[in-house]
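Overview (structure and organization)
Okay, here's what each chain looks like letter by letter:
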Amino acid sequence: MKKILPVIALIAFVGIILGIWYVKGYNKVIALNENVKNAWSQVDTQLKRRYDLIPNLVETVKGYASHEKEIFENLAEARKGYFSAGTIEDKARSATQIEGFLSRLLMFRETYPELKANESFLKMQDTLEGSENRISVERKRYNDAVRELNTYIKSFYGRFFAARTGVAEARYFEVADAEKEVPKVKF
């Protein structure tokens, strides 16, 4: 009995250590996944804020550039595409499309000097620029959360816990190559 008691104590100790390790690893992958979801919801909130501003901006510019119908239609379609998108990847793709259209829309101020003087346009432009800055910050935070999750999932132990929880690698919110080009505005 004296020889079995230390063996039982050792097995119990190892079992407790393994149990703590398992719970800690499991909880870590869940927490990292929730951080990614939270970061995306912050990006989504800022994108929605941007898209709520677009109709007002478009209406202001329309008065000065009513013949530029194509960009207004493209912007409206891209905005609809964002709200109908089901996945993060689809929403990110729509967001990058809208960024290109918005930059073209904001370039109208160079072509229409009277638009530069319009106070409501200037206020909306400032608000939109503030939104773009917020989106940029939230996109970085989202990508940081994705990097942290993906790094953990790719680690030896992280892969084990990710498989147990069903958590997969998250995708970064990247700008499409076509959207990295400077937009060309033709009049």
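How each quantity is defined
Residues numbered from 1 in each chain as written. Predicted model: local features only at pLDDT ≥ 70, side-chain atom pairs only at ≥ 80, totals over all residues. Heavy atoms only, no water. UniProt positions renumbered as here; feature names shortened; annotations may be inferred. Helix = DSSP H or I, 4+ residues; strand = E, 2+ residues; numbered from the N terminus. Buried < 20%, exposed > 50% of the residue type's maximum accessible area, 1.4 Å probe, protein only. Contact = heavy atoms within 4.5 Å. Areas by Shrake-Rupley, 256 points an atom, 1.4 Å probe, with all protein chains shown as cover. Expected span 1.5 Å × (residues − 1).

Labelled according to an unreviewed UniProt entry, the protein chain appears under the name LemA family protein, originating from Candidatus Brocadia sapporoensis. For the protein chain, the Sequence similarities (unreviewed entry) comment in UniProt is given as "Belongs to the LemA family." You can read under Subcellular location (unreviewed entry) in the UniProt record for the protein chain the words "Membrane".

Observations concerning the overall build of the protein chain
Scanning the protein chain from terminus to terminus reveals 8 helices and 0 strands. Listing each helix as α and each strand as β along the protein chain from the N terminus yields α-α-α-α-α-α-α-α. Looking at the protein chain residue by residue over its 187 residues, the buried ones come to 34%. Long-range contacts, defined as pairs at least 24 residues apart, comprise 78% of the intrachain contacts of the protein chain with a sequence gap of at least 6. Split by element, the accessible area of the protein chain, about 11,800 Å² in all, is 57% carbon and sulfur.

Section: helix H3 (residues 88-106)
For H3, which comprises 19 residues, the first-to-last C-alpha distance of 26 Å matches the rise-based estimate of 27 Å (1.5 Å per residue) to within 8%. Every buried residue of H3 is accounted for by Lys-91, Ala-92, Ser-94, Ala-95, Thr-96, Ile-98, Gly-100, Phe-101, Leu-102, Leu-105 and Leu-106.

A closer look at the environment of Thr-45
Mapped onto the secondary structure, Thr-45 falls in helix H1 (residues 4-62). Residue Thr-45 is classed as partly exposed on the basis of its relative accessible area, which comes to 44%. Along the primary structure Thr-45 and Glu-138 are separated by 93 residues, whereas in three dimensions their C-alpha atoms are 9.4 Å apart.

Topic: the environment of Asn-27
For Asn-27, the position within the fold is in helix H1. By relative accessible area, Asn-27 is classed as partly exposed at 43%. Along the sequence, Asn-27 and Phe-161 sit 134 residues apart, while their C-alpha atoms lie 8.8 Å from each other.

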